[in-house]
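# Observations on the three-dimensional arrangement
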Amino acid sequence: MDKAYLVLANGTVFEGRAFGAAADCAIGELVFTTGVVGYLETLTDPSYAGQIITQTYPLIGNYGVIPEDFEGDTTARGYVVREWCDTPSNFRSQGNIDAFLKERGIPGICGIDTRQLTRILREEGVMNAAICREIPADLTPIRTYAVTGVVAACSCREPSVHPAEGETKYRVALMDYGAKHNIVRELQQRGCEVTVLPHDTTAEAVLAMAPDGLMLSNGPGDPEENTACIAELKKLVGKLPIFGICLGHQLLALAMGGKTTKLKYGHRGANQPVTDLVGVHTYITSQNHGYAVVSESVADVGRVIFENANDHTCEGVEYPDHKCFSVQFHPEACSGPLDTQFLFDRFITMMGGNN
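Treat the numbers as computed from the prediction; the structure is a model and nothing was measured.

Cut-offs and rules
What you see as residue numbers is a count from 1 along each chain, following the sequence as written. In keeping with the model being predicted, local features are shown solely for residues with a pLDDT of at least 70 and side-chain atom pairs are shown and tallied solely at 80 or more, while totals for entire chains, interfaces and linings include all residues. Excluding hydrogens and water, the side-chain values take into account all heavy atoms of the structure. Labels follow the DSSP assignment, with helices taken as runs of H or I lasting at least four residues and strands as runs of E lasting at least two, numbered in each case from the N terminus. Note on method: radius of gyration uses C-alpha positions; expected globular size equals 2.2 Å times residues raised to 0.38. Any two residues having at least one pair of non-hydrogen atoms within 4.5 Å are treated as being in contact. Values of accessible area rely on a 1.4 Å probe in the Shrake-Rupley scheme; residue burial ignores everything except the protein chains shown. Counted as positive: Lys and Arg. Counted as negative: Asp and Glu, with His and the chain ends omitted from the count. Charge coordinates come from a single atom per side chain, which is NZ of Lys, CZ of Arg, CG of Asp or CD of Glu. Fitted lines through C-alpha atoms serve as axes, helices being fitted only where they are in contact, and the angles separating the N-to-C directions of these axes extend from 0 to 180 degrees. Working definition: roughly parallel below 35 degrees, roughly antiparallel above 145 degrees, roughly perpendicular at 65 to 115 degrees, and oblique for all remaining angles. The handedness criterion is simple: a crossing whose near helix is rotated anticlockwise from the far helix by less than a right angle is left-handed, and one whose near helix is rotated clockwise is right-handed. Residue polarity is assigned by list, with Asp, Glu, Lys and Arg as charged and Ala, Val, Leu, Ile, Met, Phe, Trp, Tyr, Cys and Pro as nonpolar; anything else, Gly included, falls into the polar class. Two kinds of site are reported from a 1 Å grid over the protein atoms alone, namely cavities, where a 1.4 Å probe fits but cannot get out, and pockets, open sets with protein on both sides within 12 Å along at least five of seven lines, and residues are called lining when an atom falls within 4 Å of a point. Grid points are joined across faces, edges and corners, and a volume is the space filled by probe spheres set on the points. Here a strand pair is declared whenever DSSP counts at least two bridges between the two strands. Every case where a carboxyl oxygen of Asp or Glu lies within 4 Å of a side-chain nitrogen of Lys or Arg is listed as a salt bridge. Using a 1.4 Å probe on the protein chains alone, a residue whose accessible area is under 20% of its type maximum counts as buried, one over 50% counts as exposed, and one in between counts as partly exposed.

In this section: the overall build of the chain. Looking only at helices and strands, the chain has ten helices and 19 strands in total. Relative to a compact globule of 355 residues, whose C-alpha radius of gyration would be 20 Å, the chain shows 20 Å and is just as compact. Viewed in the frame of its principal axes, the chain has a C-alpha envelope of about 60 × 45 × 40 Å. A fraction of 73% describes how many contacts in the chain between residues 6 or more apart in sequence connect residues 24 or more apart. About 14600 Å² of surface is accessible on the chain, with carbon and sulfur atoms providing 48% of the total. In the chain, which carries 28 positive and 43 negative side-chain charges, the distance between the mean positions of the two groups comes to 2 Å.

Written out as structure tokens, the structure reads:
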């Protein structure tokens, strides 16, 4: 394998070996995720748009590439691992991680000390970086890079309808800000016909469909950048039941007059503990986000129902007077593995069901 370099915006350089797609210099926001498994779901999660992903677990690719586990398109800018497995072993596997990255144009770098890299990001915070074949003399392009316009890039272009499994009990409109496939599957399993809508669908168009409920998906980037989406959500609040996940959670809070803030290094992985402030449980959740809702900013209109057990940031809000709620983590993922899927049942109940 050819030599490659991971160059951080602070000037730190890691020397490693190139794998995946060939690229002279791929720039992105460098983040880390702590998942021991689930690298395929990570690589196909649209929420990583504009970012270079670092896997803290040292061996990646040992169970190969399994298309049935994909969550969406691959939108990351690069991939950083300690070691990738070129001889995967799994009866479902259809290839290796190197070929997967090549097919999707994603450059990777391996053979670097990902423990040291993660410590830098934890101490200094998320920063820009580049995977390069040569160390650049000028770091300005790296330092000035910004993740922008990613929701529009990840969202679908046309509506699509996904039938319910069995009898159709409810019709749900899903706003696609970079949605993971499993959100649709969870709704289908509960008797929902799901219409996936582009991110810029107007409130009037949503209401004209007369859906039983509205689902707000996950997605990438800074939530405050999506001013048009927020404006449309303001028109929809109180008109029908709403359930938001991840970016959808943040956009709903902003539509309610709340605020969001960028976290130092975010929450990314399958082991984030979340405490239920209404009940007695702490759940292990899957998360992927760099921003959080400011709890105090929604105190007048809603109440925080979930809190991160590590840093006490907001993980969920309900708005009783408006028949809507949202969570920062991913209940459609399998980190618990099924601990928080009851939230989809709560949404069904809001639409008039009794699942």
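Right, picking up where we left off after that structure.
A word on the packing of helix H8 (residues 227-236) against helix H9 (residues 247-255). Close contact between H8 and H9 brings their axes to 8 Å; oriented N to C, the two are set at 65°. Judged by the inter-axis angle, H8 sits roughly perpendicular to H9. The chirality of how H8 crosses H9 is right-handed. The residues of H9 that touch H8, namely those facing Cys-229, Ile-230, Leu-233 and Lys-234, are Leu-251, Leu-252, Leu-254 and Ala-255. Of the residues belonging to the contact of H8 with H9, the class tally is seven nonpolar, no polar and one charged.

Space left empty within the atom packing is revealed by a probe, the size of a water molecule, rolled over the atoms. Size it by volume and the largest pocket reaches roughly 430 Å³. Lining the largest pocket are 23 residues, and of these Gly-38, Glu-41, Ala-270, Ser-286 and Ala-333 lie nearest its centre. In this structure, the second largest pocket encloses a volume near 350 Å³. Listed by contribution, the elements that provide at least two residues to the lining of the second largest pocket are strand E9 (127-132), H9, strand E15 (260-276) and strand E16 (282-293). Partitioning the lining of the second largest pocket into residue classes produces eleven nonpolar, ten polar and five charged.

Looking now at the sheet that holds strand E3 (residues 25-33). In spatial order, the strands read E1-E2-E8-E6-E4-E3-E9; together these seven strands close into a barrel with mixed pairing. Each strand axis lies, on average, 35° off the axis of its neighbour in the sheet, ignoring direction. The pairing of strand E1 (residues 3-8) with strand E2 (residues 13-20) spans five bridges and is antiparallel. By the bridge assignment, Lys-3 is partnered in E2 with Arg-17. Each of E2 and strand E6 (78-80) is contacted by helix H2 (residues 97-104), which is oriented at about 85° to E2, the strand it contacts most. Across the sheet, helix H3 (residues 114-124) lies against E1, E2, E3, strand E4 (51-55), E6 and E9, angled at about 80° from E3, the strand it touches most.

Right, let's talk about the pattern of salt bridges for a bit. Throughout the structure, instances matching the rule amount to 13 salt bridges. As a salt-bridge pair, Lys-3 and Glu-15 come within 3.7 Å of each other at their nearest N and O atoms. Placement of Lys-3 in strand E1 and of Glu-15 in strand E2 is noted, with a sequence separation of twelve residues between them. Residue classification places Lys-3 among the partly exposed residues on the basis of a relative accessible area of 45%. Among the salt bridges present, the one from Glu-29 reaches Lys-262, with a minimum N-O distance of 2.7 Å. Note that Glu-29 is positioned in strand E3 and Lys-262 in strand E15, a separation of 233 residues in sequence. With relative accessibility at 11%, the residue Glu-29 sits in the buried group. A single salt-bridge network, built from bridges that share partners, covers Glu-186, Arg-190 and Asp-345.

Turning next to the sheet that holds strand E14 (residues 242-245). Across the sheet, ten strands lie side by side as E10-E12-E11-E13-E14-E19-E18-E17-E15-E16; this open sheet has mixed pairing. If you trace the sheet from one side to the other, it starts and ends with strand E10 (160-162) and E16, each paired once. Shown here is a sheet whose adjacent strand axes are inclined to one another by a mean of 25°, direction ignored. Inspection of the sheet shows E14 paired to strand E19 (residues 324-327) by four bridges, in the parallel sense. For Phe-243, the partnering residue across the bridge sits in E19 and is Phe-325.

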